[in-house]
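# Chains, contacts and geometry: an overview
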Amino acid sequence: MSVLAASGAGRLCAVRAVLPCLWRGKYFSSGNEPAENNPVTPMLRHLMYKIKSTGPITVAEYMKEVLTNPAKGYYVNRDMLGEKGDFITSPEISQIFGELLGIWFISEWIATGKNAAFQLVELGPGRGTLLGDILRVFSQLASVLKNCDISIHLVEVSQKLSEIQALTLTEEKVLLERNAGSPVYMKGVTKSGIPISWYRDLQDVPKEYSFYLAHEFFDVLPVHKFQKTPRGWREVLIDIDPQVSDKLRFVLAPCATPAEAFIQCDETRDHVEVCPDAGVIIQELSQRISLTGGAALIADYGHDGTKTDTFRVLLDKADEPSLRQQLLQGYDMLMNPTKMGERFNFFALIPHQRLHGRNHQMNACQSKPSPSPVAGFGELVWR
């Protein structure tokens, strides 16, 4: 399996057994701020009951509850994206971002032999804005894709966001099929006539030749936090503040916890965050791509960035001054080094055979396909 990455990856450490221990020892707090006069929210009350029942919880468990709890989770029953939401993502800034990704997927499809069909799978599709921009490119290049059978598969745990995605992407004249108890809990047809399905788990998506997209998806997965102490690594947990009964605080586990096995052996930092769920999902994507072909493109915030200069083709066609200004502002936000330009990274997964010209499924006219460069990746790092 080939991994194309802009940043390095550490070695895996051997997993060692740890014994359960009593919750005692030194605690540290995130602060001794006085209690505010805010009422206790249902989520805080839920977390406090959980902690009182089982003891301090990991940061990963806290994140899962706060973000994806079926009844009270932040992502489950509300629309937090866009200008009127709590934060804004790259596709909401400019259509350029999604259109470039759409071109990337078509480029990879062509480079790997123009398979007769492919699935486009997006993990955490937000409001559907990014996919809408990608599908616009697919429509504009319909002559290139005319003999390809395309289907869309969205992995989304939020019922609220899935409804917004449906409004953004599907044809209103075609009623959605709904089945809450099925792995495919919703089906429909996009405005351009492409079948689209919704899933709660990547495992439920059919294992076929696919292109996978994860945009600002991994950065919201639950993480375990660790602090280096004179006694070795200790996991940072969440507990109820004994001084302020309606507030939570950070505490240190008094001894090693099982999640400590995820820390790299040569780690030199004093504070570390690890995300086991990310490793599980990357492994699943790697196995799928190795088995059936395709590619995965992951876009998220990181320490290194790449710049492209494909904007001015688009700008020359913009006659309206207001549209030109909007494109320039969006480009500046996405590319300016002081803004998002050097904070956003791209990470790709492709089959090992991709670089050697041994495609899983060759075009019938190609007996010996030649290797093609992977668009946007000038230097390949093997992992």
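In this text, all values refer to a predicted model and were calculated from it rather than measured experimentally.

Attention now moves to the overall build of the chain. Scanning the chain from N- to C-terminus turns up 10 helices and 14 strands. With 383 residues in all, the chain has 45% of them scored as buried. Within the chain, residue pairs in contact and separated by at least 24 positions form 72% of the contacts whose partners lie at least 6 positions apart. Accessible surface computed for the chain: about 20700 Å², of which carbon and sulfur atoms make up 54%.

Now for the pairing of strand E8 (residues 210-215). Of all six residues that make up E8, six are buried, and the element is covered over most of its length. Where strand E3 (residues 117-123) meets E8, five bridges bridge the pair, whose relative direction is parallel. Each residue of the ladder has a partner; that of Val121, found in E8, is Tyr212.

Counting 36 residues, the largest nonpolar core has Phe118, Leu120, Phe138 and Ile152 as the members making the most contacts within it. In this structure, Tyr212, Phe217, Ala278 and Ile298 belong to the second largest nonpolar core, which totals 18 residues.

Moving on, we get to the packing of helix H4 (residues 95-111) against helix H5 (residues 129-140). Running from N to C, H4 and H5 point in directions that differ by 55 degrees, and their axes come no closer than 7 Å. Between H4 and H5, the interaxial angle falls into the category oblique. The chirality of how H4 crosses H5 is right-handed. For the pair H4 and H5, contact is made by Gln95, Phe97, Gly98, Glu99, Leu101, Gly102, Ile103, Phe105 and Ile106 and by Leu130, Asp133, Ile134, Arg136, Val137 and Phe138, respectively.

Unlike most non-glycine residues, Lys114 shows phi in positive territory, near 55 degrees. Residue position: Lys114 is located in the loop between H4 and E3.

A separate point is the packing of aromatic side chains. Going through the model one piece at a time under the given rule, you end up with seven aromatic pairs. Considering the side-chain rings of Phe118 and Phe138, the 6.1 Å spacing of their centres and the 85 degrees angle between planes classify their relative orientation as edge-to-face. Of this pair, Phe118 sits in strand E3 while Phe138 is found in helix H5, placing the two residues 20 residues apart along the sequence. Each of the two residues, Phe118 as well as Phe138, counts as buried. Taken together, a centroid distance of 5.3 Å and an interplanar angle of 85 degrees make the contact between Phe217 and Phe218 edge-to-face. Exposure remark for Phe217: the relative accessible area of 14% places this residue in the buried category. Among the aromatic residues, those joined into a ring-pair cluster are Trp104, Phe105, Trp109, Phe118, Phe138, Tyr209 and Phe211. Sitting over the face of the ring of Tyr185, Arg200 holds its NZ or CZ atom 4.2 Å from the ring centroid.

The rules behind each value
Residue numbers run consecutively from 1 along every chain, following the written order of its sequence. Where totals are concerned, whole chains, interfaces and linings use all residues; where local detail is concerned, this predicted model gives features only for residues with pLDDT of at least 70, and gives and counts side-chain atom pairs only at 80 or more. Hydrogens are left out, water is left out, and the side-chain values use all remaining heavy atoms of the structure. Helix and strand assignments follow DSSP, with helices taken as H or I runs no shorter than four residues and strands as E runs no shorter than two, numbered in order from the N terminus. Type-normalised accessible area, obtained with a 1.4 Å probe on protein chains alone, sets the label of each residue: buried when under 20%, exposed when over 50%, and partly exposed for intermediate values. Working rule for contacts: check all heavy atoms of both residues, and any pair within 4.5 Å makes them a contact. Methods summary: accessible areas were calculated by the Shrake-Rupley approach with a probe of 1.4 Å, and residue burial reflects only the protein chains presented. Pairing between strands is defined by DSSP: at least two bridges between them are needed. Residues belong to a common nonpolar core when they are buried Ala, Val, Leu, Ile, Met, Phe, Trp, Tyr or Cys residues joined through side-chain atoms within 4.5 Å. Axis definition: a line fitted to C-alpha atoms, limited for helices to the stretch in contact. Angles are taken between N-to-C directions and run from 0 to 180 degrees. An angle below 35 degrees is treated as roughly parallel, one above 145 as roughly antiparallel, one from 65 to 115 as roughly perpendicular, and anything else as oblique. Helix crossings are classified by the rotation of the near helix relative to the far one: an anticlockwise turn of less than a right angle makes the crossing left-handed, while a clockwise turn makes it right-handed. Aromatic pairs are defined between Phe, Tyr and Trp rings, using the six-membered ring for Trp, whenever the two ring centres lie within 6.5 Å; interplanar angles under 30 degrees are classed as stacked, those over 60 as edge-to-face, and all others as tilted. Any Lys NZ or Arg CZ that is within 6 Å of a ring centre and within 35 degrees of that ring's normal is treated as a charge sitting over the ring.

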